[in-house]
Amino acid sequence: MNLCPSVVLFLVHLWFFHLSILLFHNSIVTQGIFAYTAGVKGMCNIKKLLSILLIGGAVCVRAEIPAESFNHLKEAVRYLSETYPDEYPAVWLRAVNDSDPRRMNPEEFTQLSRRALSANPLLTRYPIIYVERNQYHNDHHNTATLFQPGEINAGSYDTRGKLKALSLPGGDIVFSSTREPKYCMCNRHIMCNLFRMEADGANIHQIGKSTLFEGHSSLTPDGRILYSRWEYVDRNFGDAQSLWLCNPDGTQHIIYWGNNTSSPGGVLNAHIIPGTDLCLAVLAACHDKPWGALAIIDRNKGVDGKESVLRTWPAEYRERISTTTWEDYDTPGDIRLKYEDPWPLDEHFFLAARMLGSGTETGIVLVDTFGNEVILHQNAPGCYDPMPAAPRPMPPARPTARDFESTTGKFYVQNVYIGTHMKGVEPGAVKYLRVVESPEKRSFGTWNDGWFGQGEEAPAMNWHSFENKRILGTVPVEDDGSAYFEVPANRFVYFQLLDKDGMMIQSMRSGTIIQPGETQGCVGCHENRVGAVPPAATQPKAVKRAPDTLKGWYGKPRNFNYLKEVQPVFTKNCAGCHDVEQPAGEKLILAADKSIPFNASYTDLWRTGAIKAIGAGPAAIQEPYSWGSHASKIVEKIRNHHNNVNLTPEEFDRVVTWIDINAVYYPDYDNAYPDSLCGRSPISFGQRNRLQELTGIRISNNHRDRQAAQVYFDRPEKSPILKNLDKDSPEYKEALDIIQSGKDQLAQRPRADMDGFVPWAKHQRAEEKYQARAQEEARVYQAIREGKKVYDPGVK
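First things first, this report covers the structure right here in the doc.

**Description of the overall build of the chain**
Piece 1. What the chain contains, in helices and strands, is 12 helices and 31 strands.
Piece 2. Taking 28 Å as the expected radius of gyration for a compact globule of 796 residues, we find that the chain reaches 30 Å, a close match to that expectation.
Piece 3. Principal axes of the C-alpha set define a box for the chain whose edges measure 100 × 70 × 55 Å.
Piece 4. Per-residue burial over the chain gives 58% buried out of 796 residues.
Piece 5. Taking all contacts inside the chain whose residues are at least 6 apart in sequence as the whole, residues at least 24 apart take part in 68%.

This is the structure:
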């Protein structure tokens, strides 16, 4: 008999997922099957026994073992012997010290490393739980792992899946769910938010409200939730997936790391490393499975960029981390052996799933900071989510800072002039703070209705960005830079600083959430989150009084509609000259005609550069005054009274406000023309194709073509697409008839930028589902207020 570690494998079926457990022990291998029940209560029926093959007595060609690799092993074994003198077998320290790397072949070194490192007491004290399943199918984003029946990727589900439950100080469970339906703005996949429930499944309620994805949650030693959030406000989709923190009651959502890092695209599966302030996470590509490089992050060194990433596996990936590159969010996709599901055992040793080099199959690896990496276990189709079935110290319980009675929360700002990106903003310049809501996408179109802004919008929403906007109102900013105000709870909102003319100076490009009854504050705008906070000389003026209520914007809050809110200003003051067949129209069209997918003036303002909106811009925080109304040519023309045009204060405010909320167009993601060009066209694809054949002009569905509006549904005969046709020709008449039919269709079935719009039946059903969820949330709130319990239908 030989002394060696053995591995006992259990298979356990828990609910709907396939769970496996690895037990690592130093024991004598004998014939037969082990029975082990002490480690995990009630887990038995051993599936099989795996023993490690020993190398011995074979003659082989020896390759030199690098001295650096052998030193990494010696350093790790020495650390284990000194740290766990009563638990770590001394035989492995002697074996390593007595070995001569010059007399070992690579296989012998690999086996010695595996045996010596797998004897780590952090592995042998408790079983290692892992999930055995197939790798996820290729899909569009790393978040496309939510296989809800009825959604577009439900057919991709071919694993037995898993359920990860997060145990809190209060005994409640935090999890991610698609139960409030919302969709990826740059595609069509269903997304999820964080929810909380009691241990018996009662009182499920939402604690996250961002517009896309909240997942991969873990519990921190101080009792907070560390999670991955994907959301984008006025920025590109690919690099907007970062780490955030919140309290278990959903209050105080704050950035942890990576929100303004452009490469990698995503940061997933993060865990605080025991006994440290460091974080272990996966740096992932946007367009890939949820795997990539392994990284240790030190937030104390900054909330973005390479400087705060202490180490990566593979080591060379650290040089790919950037805050300045553009659309470089898929760099982890180039990594040959990608990591997934990391679990820190202590500050030096980490478990993870890792590719084995053959297809997508993964095995369980042990990685350490000394430079070692060994495969502990592998079996098809793949091994994921390794973690010890071990107790952890109970984090402190955090007091609840919200209630279930209120409908609002409060924000305060100590001094808006304090911040990392407020250069050139003179004290006293900021007069108002505007609160804007970025609503979720509650429906999507068909596979054929994409408009390509920075990514694919389905249907078209804006020239370049993805969101619609809802202005909730403005509040005053005191002369000391402070503000204190009340905001509706459970909304995804962001703030803008305005000058005396109501023009934007600086804008958030990420959202925040306030829970009912919560008070949340910040030092300044784009504050340094890890540096020293400048003390306030006196108590900020704004907090000495009751919070301000939001002053609305020309009526009740509503989704912004360019055609209704802004176009009338141009129609009244500008379109007489800036129209087709007019000299000024050769430079800029400001006519109202509806086209595909937007209208004529909106298209020209964007494509000619007359406005400087950020669109779906870069990850980096922008400097004040660098975009928006202050930087837009058309606003300069208006302020200089171009052609003796004088706008009223309201007209001026409507134009600059539209530009400052990023020059959006449609108020709704719902549409009335499914399966049409960009999801907004009243003419069919067949009619579009025929119109292109007749005119020789292609109608674009991509902003990069910078094409002017080609069809005018308000005035078909003025359509630029007809300009090369003889008006007496049959081709002209047929083409005109096609455009006229679109005008007639819009009269019968208005689209989303028009009065009388009625969504497609599928979108009506989606809205009914969303409202049903809102009613369920209200039912839970009432139960919690009354000290009762309610459950999902059919649960109890």
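This is not the end of the story, as more comes after the structure.
**Structural notes on the nonpolar core**
Piece 1. Ranked by internal contacts, the top residues of the largest apolar core, which has 85 residues, are Trp230, Tyr232, Phe570, Leu605, Ile634, Trp658 and Leu691.
Piece 2. At the level of secondary structure, the elements contributing two or more residues to this core comprise strand 28 (492-498), helix 5 (562-565), helix 6 (567-573), helix 7 (600-607), helix 8 (633-639), helix 9 (649-660), helix 10 (685-695) and helix 11 (730-748).
Piece 3. Those residues in contact with tryptophan 230, other than ones at most four positions away along the chain, are His141, Thr143, Cys184, Cys186, Met191, Leu212, Phe213, Phe237, Ala240 and Gln241.
Piece 4. Ranked by size, the runner-up nonpolar core spans 31 residues in total, among them Val96, Leu122, Leu351 and Leu376.

**Digging into the environment of methionine 508**
Piece 1. Residue position: methionine 508 is located in the loop between strand 29 (504-507) and strand 30 (512-513).
Piece 2. Classification of methionine 508 as partly exposed rests on a relative accessible area of 22%.
Piece 3. Methionine 508 sits 54 residues away from glutamine 454 along the chain, and the two C-alpha atoms are 19 Å apart.
Piece 4. Residues in contact with methionine 508, not counting those within four places in the same chain, are Val233, Tyr494, Phe495 and His526.

**Here's the deal with the pattern of salt bridges**
Piece 1. Counted under the stated rule, the structure contains 47 salt bridges.
Piece 2. Close ionic contact of arginine 318 with glutamate 319 constitutes a salt bridge, the shortest N to O distance being 4.0 Å.
Piece 3. Between aspartate 755 and lysine 564 there is a salt bridge; the shortest N-O distance is 2.7 Å. In this pair, aspartate 755 is assigned in the loop between helix 11 and helix 12 (761-785) and lysine 564 in helix 5, connecting sequence segments 191 residues apart.
Piece 4. Judged by relative accessible area, which is 43%, lysine 564 ranks as partly exposed.
Piece 5. Several salt bridges share partner residues, and in doing so they unite Arg558, Glu565, Glu650 and Arg654 into one network.

**Some details on helix 3 (residues 106-118)**
Piece 1. Compared with an ideal rise of 1.5 Å per residue, which puts 13 residues at 18 Å, helix 3 spans 18 Å between its outermost C-alpha atoms and is within 8% of the ideal.
Piece 2. For helix 3, every residue scored as buried is listed here: Phe109, Gln111, Leu112, Ser113, Arg114, Arg115, Ala116, Leu117 and Ser118.
Piece 3. The N-capping residue of helix 3, defined by a side-chain oxygen 3.0 Å from the backbone nitrogen of glutamate 107, is asparagine 105.

**Observations regarding the sheet that holds strand 10 (residues 225-230)**
Piece 1. Judged by pairing direction, the sheet is antiparallel, and its 4 strands sit side by side in the order 9-10-11-12 without closing on themselves. Since the sheet does not close on itself, it has two edges, and those belong to strand 9 (213-219) and strand 12 (254-257), each with one partner. The average angle at which neighbouring strand axes cross in this sheet is 35°, direction not considered.
Piece 2. In the sheet, strand 11 (residues 241-246) pairs with strand 12 via 3 bridges, with the strands oriented antiparallel. Paired with tryptophan 244 across the bridge in strand 12 is isoleucine 255.

**Observations regarding the packing of helix 2 (residues 90-98) against helix 3**
Piece 1. Two elements in contact, helix 2 and helix 3, have axes whose closest approach is 9 Å; the angle formed by their N-to-C orientations is 150°. Comparing the axis directions of helix 2 and helix 3 gives the class roughly antiparallel. Crossing handedness for the pair helix 2 and helix 3: left-handed. On helix 3, the residues that touch Trp92, Ala95 and Val96 of helix 2 are Leu112, Arg115 and Ala116.
Piece 2. Class assignment of the residues belonging to the contact of helix 2 with helix 3 gives a composition of 5 nonpolar, no polar and 1 charged.

**Focus: the sheet that holds strand 22 (residues 408-413)**
Piece 1. Reading across the sheet, the 3 strands line up as 27-22-31 and stay open at both edges, with mixed pairing between neighbours. Each edge of the open sheet carries a strand with a single partner, namely strand 27 (483-488) and strand 31 (519-522). Geometrically, the sheet is characterised by an average inter-axis angle of 25° between neighbouring strands, direction not taken into account.

**Describing the packing of aromatic side chains**
Piece 1. Applying the stated criterion across every chain yields a total of 28 aromatic pairs.
Piece 2. Measuring from ring centre to ring centre gives 5.8 Å for tryptophan 451 and tryptophan 463, while their planes differ by 50°; the resulting arrangement is tilted. A residue pair is termed long-range when its members are at least 10 positions apart, and tryptophan 451 in strand 24 (residues 451-452) and tryptophan 463 in the loop between strand 25 (456-457) and strand 26 (470-476) qualify at 12 residues. Comparing tryptophan 451 with tryptophan 463 shows no difference in burial state: the two are buried.
Piece 3. Seen in terms of ring centroids, tryptophan 553 and tyrosine 554 are 5.0 Å apart; in terms of plane orientation they differ by 70°. Their pairing is edge-to-face.
Piece 4. The class for tyrosine 554 is partly exposed, based on a relative accessible area of 34%.
Piece 5. These aromatic residues form a ring-pair network of at least three members: Trp451, Trp463, Tyr562, Phe598, Tyr602, Trp658, Tyr665 and Tyr666.
Piece 6. Its end group placed over the ring of tryptophan 244, arginine 229 keeps NZ or CZ at 3.6 Å from the ring centre.
Piece 7. A cation sits over an aromatic face here: arginine 654 above tyrosine 554, 4.8 Å from the ring centre.

**Observations concerning the pairing of strand 6 (residues 173-177)**
Piece 1. Burial analysis of strand 6 places 4 of its 5 residues in the buried class, which makes it a mostly covered element.
Piece 2. By the bridge criterion, 5 bridges tie strand 6 to strand 7 (residues 193-197) in an arrangement that is antiparallel. Bridged to valine 174 within strand 7 is arginine 196.

**Things to note about the state of the cysteines**
Piece 1. Counting across every chain of the model gives 0 disulfides.
Piece 2. Unpaired in terms of disulfides, cysteine 246 finds its nearest cysteine sulfur in cysteine 192, a separation of 13 Å.
Piece 3. Here cysteine 279 is not cross-linked by a disulfide; its sulfur's nearest cysteine counterpart is in cysteine 246, at 15 Å.
Piece 4. Residue class for cysteine 279 comes out buried when judged on its relative accessible area of 0%.

**Re unusual backbone geometry**
Piece 1. Cis peptide bonds are those with omega within 30 degrees of zero, and the linkage from alanine 458 to proline 459 qualifies with 5°.
Piece 2. In this fold, proline 459 is placed in the loop between strand 25 and strand 26.
Piece 3. Looking along the chain, the bond that leaves isoleucine 596 and enters proline 597 is cis, with omega of 0°.
Piece 4. In this fold, proline 597 is placed in the loop between helix 6 and helix 7.
Piece 5. A positive phi angle, close to 60°, is found at asparagine 490, a residue other than glycine.

**Looking at the packing of helix 1 (residues 67-83) against helix 2**
Piece 1. At a closest axis distance of 10 Å, the pairing of helix 1 and helix 2 adopts a crossing angle of 155°. Classified by the angle their axes make, helix 1 and helix 2 are roughly antiparallel. As helix 1 runs across helix 2, the sense of the crossing is left-handed. Between helix 1 and helix 2, the contacting residues are Phe70, Leu73, Lys74, Val77, Arg78 and Ser81 on the first element and Trp92, Leu93, Val96 and Asn97 on the second.
Piece 2. Along the lines of polarity and charge, the residues of the contact of helix 1 with helix 2 split into 6 nonpolar, 2 polar and 2 charged.

**Focus on the side chain of serine 719**
Piece 1. Residue placement: serine 719 occurs in the loop between helix 10 and helix 11.
Piece 2. You can call serine 719 buried: its relative accessible area is 4%.
Piece 3. Of note is the side chain of serine 719, whose polar atom sits 2.8 Å from the backbone oxygen of proline 716.
Piece 4. Apart from residues no more than four positions distant in its own chain, serine 719 is found in contact with Gln710, Val711, Tyr712 and Ile739.

Criteria and thresholds
- Residues numbered from 1 in each chain as written.
- Predicted model: local features only at pLDDT ≥ 70, side-chain atom pairs only at ≥ 80, totals over all residues.
- Heavy atoms only, no water.
- Helix = DSSP H or I, 4+ residues; strand = E, 2+ residues; numbered from the N terminus.
- Rg over C-alpha atoms; globule rule 2.2 N^0.38 Å.
- Buried < 20%, exposed > 50% of the residue type's maximum accessible area, 1.4 Å probe, protein only.
- Contact = heavy atoms within 4.5 Å.
- Core = buried A, V, L, I, M, F, W, Y, C linked by side-chain atoms within 4.5 Å.
- Salt bridge = Lys/Arg side-chain N within 4 Å of Asp/Glu carboxyl O.
- Expected span 1.5 Å × (residues − 1).
- Polar contact = N/O pair within 3.5 Å; in protein donor to acceptor, adjacent residues only side chain to side chain.
- Pairing = 2+ DSSP bridges.
- Axes fitted to C-alpha atoms, helices over the stretch in contact; angles between N-to-C directions.
- Parallel < 35°, antiparallel > 145°, perpendicular 65-115°, else oblique.
- Left-handed = near helix turned anticlockwise from the far one by under 90°.
- Nonpolar A, V, L, I, M, F, W, Y, C, P; charged D, E, K, R; others polar.
- Phe/Tyr/Trp six-rings, centres within 6.5 Å; stacked < 30°, edge-to-face > 60°.
- Lys NZ or Arg CZ within 6 Å of the ring centre and 35° of its normal.
- Disulfide = S-S within 2.5 Å.

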